[in-house]
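Architecture and fold: a report
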Amino acid sequence: MSLVLEVNKKQKGKDSWEEPFYLNMGPQHPSTHGVLRLFLELEGETIVNCDPIIGYLHRGIEKLAENLNYNQTIVLSDRLDYISSAANNVAFALAFEKLLRLEVPRRAKLIRTIVSEMARICSHLLWLATHALDIGAMTVFLYCFRDREWLLNIYERICGARLTHSYVRVGGVRRDFEPEVIEELYRFVEEFPKRITDYETLIDTNRIWLKRTKNIAVVSTEEAFNLGLTGPCLRGSGVSYDVRKFRPYDAYSEVEFEVPIGQNGDTYDRYRVRMIELRQSNWIIKQCLDRLSETEGEAVLAENSPDLLMPEKVREVSAQPHPKLGVMFKPKEKEIVPVGEAFASIESPKGELSVYVVSDGSSRPWRLRIRTPSFVHISAISHMTKGHMIADLVAIIGTLDIVLGDSDR
Amino acid sequence: MKSLVEKVFLIEILRGLALTLKKLLFEKPVTIECYDKVIPQSYPGFRGRHALVRSELTQGPICVACHRCERVCPSKCIYIKTVEIEEEGKRKRQLAQYAIDASRCVYCGYCVEVCPVNALVLTEFYQYVGENREDLYFDQERLLKNWDEFIAKAERPYFNPFWKPKGIPEELFSIVKRKAKGV
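Read on for an overview of the structure. (Residues numbered from 1 in each chain as written. Chains lettered and ligands numbered in written order. Predicted model: local features only at pLDDT ≥ 70, side-chain atom pairs only at ≥ 80, totals over all residues. Heavy atoms only, no water.)

The subject of this paragraph is the overall build of chain B. Each helix and strand counted, chain B has six helices and five strands in total. Counting helices and strands in the order they occur from the N terminus, chain B gives α-α-β-α-β-β-α-β-β-α-α. Its C-alpha atoms give chain B a radius of gyration of 25 Å, clearly above 16 Å, the size a compact globule of 183 residues would have. For chain B, the proportion of its 183 residues judged to be buried stands at 39%. Residue pairs at least 24 apart in sequence account for 68% of intrachain contacts in chain B once pairs closer than 6 positions are excluded. (Helix = DSSP H or I, 4+ residues; strand = E, 2+ residues; numbered from the N terminus. Rg over C-alpha atoms; globule rule 2.2 N^0.38 Å. Buried < 20%, exposed > 50% of the residue type's maximum accessible area, 1.4 Å probe, protein only. Contact = heavy atoms within 4.5 Å.)

Below is the structure:
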């Protein structure tokens, strides 16, 4: 509301021809990818200032988690970045496993790597589809959704849900792959590189695409660090930083892949980085599938992993009788999980997703803090849009690849 | 020279158009034209509409009213009422009413997994709507009716993959679950 008052104050006593034009873009605008509201100060069609306003999708996930046990919290993580639920599940599970000091079986690690790379492909396909549609390429949109549908069908076979998977569990995964799923994944892995070539044929050298993306929203290496960008946005600016390489989790230490980097840090470079990442993800899935046959028949859940229904509070009766009063029932609260804190971060498709959890010994997290990439990236919009046209704003929102469920939590 | 030719003759755009034309002429369409005739079927294990398994013996639910599903539910959408009855001098707990509010459910399937007697199932049926809130509030009768509707079309014996997930160590399941062969 304060913004509206400010506008009124600014507009008072000024010649109507000289005053800047104020425009609200969103929260219902289709190309803001959700419920993002942008308060624009325009001069003609050039953006002077852009204030992103978030909070329209706030559900209080961090607070909700304080009333749910560790396994139930994973269900909440599906709703963060709802395009790549599996990756979020992995982040939560990793933090909780560090807290509980669990060792995940190798087969579960491989399966987690496969599903989180599938999530990356899903997310990047949806990004490419909507980004291309915003800029004006309709065919890419249709092709990408066709291929994403294939992956969603595989997800449905794996875990019974297409969008909110809740597939990962503290200590492993919920269900082993069926043999048909592995066959289908092999078919996908063989076919998918051809599909990427199709997208590249359509837009990679297309002159309209180049004009809309080259030298738009250039972020230098230093600026990218200062803005706190992570993921493909940071790599597009020429920084070779990937959590999968620097702090390998799950099975990433045993697979080979390359980290693509851009040179100019413009929208086109970020597009190229993501396209190469699609191929790399495909390669990682292939390697993991090959290794999956080595661990045939192994359990996918650690033996000492907590039950889905964790006990709320365990009271122990003190065994030693009191010398005078006889047996004393002094209830002593037993720790279900160790008291302490744990931190885990993963390379989610959008950037670095970190989870920090503090435990007080009960089965519920005492405090859960989530650092989501979209929230940080939205704050960079203001810097990146300065001096650009209003039509480029749509391309900038697209290139940052934001999801409002992720940012508002 | 080459770049000039590419610039003048719109090579890259023609290449893109050739690709879409090729796909249009020689590839099978992926879209379904008539939804009424071809209904997409979900894969086994899809977490869809809730149902309570109807027991062959008692024609009622198998549920033993242990409240495990009620406690594991992240969105607290399962409501169980129990009554205490006296039978042969022993006090017993019996299920009086079982209800699920489907409009609150998040379809995680935890309830199916923790049930010690395989009484609850998220069926593969997904095409259901409600015109008001009461339509999506499934009480015990409604849940049993859902099961009848589902099992009439499904293959017998039916076994839900979440009753005993593949790859989970056997000792984590109850004895009933370990022996279960389907209904």
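That shown, we press on.
Moving on, we come to the overall build of chain A. Regarding its fold elements, chain A presents 15 helices and ten strands. Rg of the C-alpha trace for chain A: 24 Å, near the compact-globule value of 22 Å for 409 residues, within the 12% margin. Along the longest, intermediate and shortest principal axes, the C-alpha atoms of chain A span 90 × 60 × 35 Å. Each of the 409 residues in chain A was classed as buried or not, and the buried ones make up 59%. Restricting the contact set of chain A to residue pairs at least 6 apart, pairs at least 24 apart contribute 69%. In the form shown here, chain A has an accessible surface area of approximately 16900 Å², with 54% of it arising from carbon and sulfur atoms. Side-chain charges in chain A split into 52 positive and 57 negative, and the spacing between the mean points of these groups amounts to 4 Å. (Areas by Shrake-Rupley, 256 points an atom, 1.4 Å probe, with all protein chains shown as cover. Lys, Arg positive; Asp, Glu negative; His and termini not counted. Charge placed at Lys NZ, Arg CZ, Asp CG, Glu CD.)

Facing 38 residues of chain B, the contacting portion of chain A comprises 40 residues. By the criterion of area lost to chain A, the three top residues of chain B are B:Tyr43, B:Tyr110 and B:Lys166, representing 21% of everything that side buries. Note that B:Arg68 and A:Asp307 form a salt bridge whose closest N and O atoms lie 3.3 Å from each other. At the boundary of chain B with chain A, the tally comes to 18 residue pairs in polar contact (both at pLDDT 80 or more). (Buried area = accessible area lost by both parts, 1.4 Å probe. Salt bridge = Lys/Arg side-chain N within 4 Å of Asp/Glu carboxyl O. Polar contact = N/O pair within 3.5 Å; in protein donor to acceptor, adjacent residues only side chain to side chain.)

Right, let's get into the packing of aromatic side chains. Aromatic ring pairs are described here by two measures, namely the spacing of the ring centres and the angle between the planes. This structure, assessed with the given rule, holds 20 aromatic pairs over all chains. A ring pair is formed by A:Tyr249 and A:Tyr252, whose centres lie 5.0 Å apart and whose planes are at 70 degrees; its orientation type is edge-to-face. Accessibility classification places A:Tyr249 together with A:Tyr252 in one group, the buried group. Between B:Phe159 and B:Trp163 the ring centres are 5.7 Å apart and the planes differ by 85 degrees, which places this aromatic pair in the edge-to-face class. The partly exposed category is assigned to B:Phe159, whose relative accessible area is 29%. What links up through ring pairs into an aromatic cluster is the set B:Trp147, B:Phe150, B:Tyr158, B:Phe159 and B:Trp163. In this structure, B:Lys23 is placed above the aromatic ring of A:Tyr143, and the distance from its NZ or CZ to the ring centre is 5.7 Å. (Phe/Tyr/Trp six-rings, centres within 6.5 Å; stacked < 30°, edge-to-face > 60°. Lys NZ or Arg CZ within 6 Å of the ring centre and 35° of its normal.)

Attention shifts here to the layout of surface pockets. In this model, the largest pocket occupies a volume close to 1100 Å³. Considering the residues around the largest pocket, the lining is formed by 32 residues, among which A:Arg146, A:Glu149, B:Pro29, B:Val30 and B:Thr31 are closest to the centre. Elements with a contribution of two residues or more to the lining of the largest pocket: helix 6 (138-159) and helix 7 (179-203) of chain A together with helix 2 (11-26) of chain B. For the lining of the largest pocket, the element with the highest residue contribution is helix 6 of chain A, accounting for twelve residues. Residues that form the lining of the largest pocket fall into these classes: 15 nonpolar, six polar and eleven charged. Forming the walls of the second largest pocket are 21 residues, and the residues nearest its centre are B:Gln41, B:Glu124, B:Phe150, B:Lys153 and B:Ala154. Broken down by class, the residue content of the lining of the second largest pocket amounts to twelve nonpolar, four polar and five charged. (1 Å grid on protein atoms, 1.4 Å probe; cavity = no way out; pocket = protein on both sides within 12 Å on 5 of 7 lines; lining within 4 Å. Points joined across faces, edges and corners; volume = space filled by probe spheres on them. Nonpolar A, V, L, I, M, F, W, Y, C, P; charged D, E, K, R; others polar.)

Another aspect to go through is a nonpolar patch on the surface. Residue and element names in this part refer to chain B. Residues Leu-4, Val-5, Val-8 and Phe-9 make up a contiguous nonpolar surface patch of about 380 Å² in total accessible area. Tracing the backbone shows Phe-9 in the loop between helix 1 (2-8) and helix 2. The exposure class assigned to Phe-9 is exposed, which follows from its relative accessible area of 53%. (Patch = residues over 30% accessible without salt bridge, like charges linked within 9 Å, V, L, I, M, F, W, Y side chains within 5 Å.)

Next up on the list: unusual backbone geometry. Its identity is not glycine, yet A:Asp250 carries a phi of approximately 45 degrees, on the positive side. As for its placement among the helices and strands, A:Asp250 is situated in the loop between helix 11 (243-246) and helix 12 (267-292). In this structure A:Asp250 comes out as buried when scored by relative accessible area, which is 10%. A positive phi is found at B:Gln59, a non-glycine position, where the angle reads about 60 degrees. Take B:Gln59: it is sitting in the loop between strand 1 (50-52) and helix 3 (68-72).

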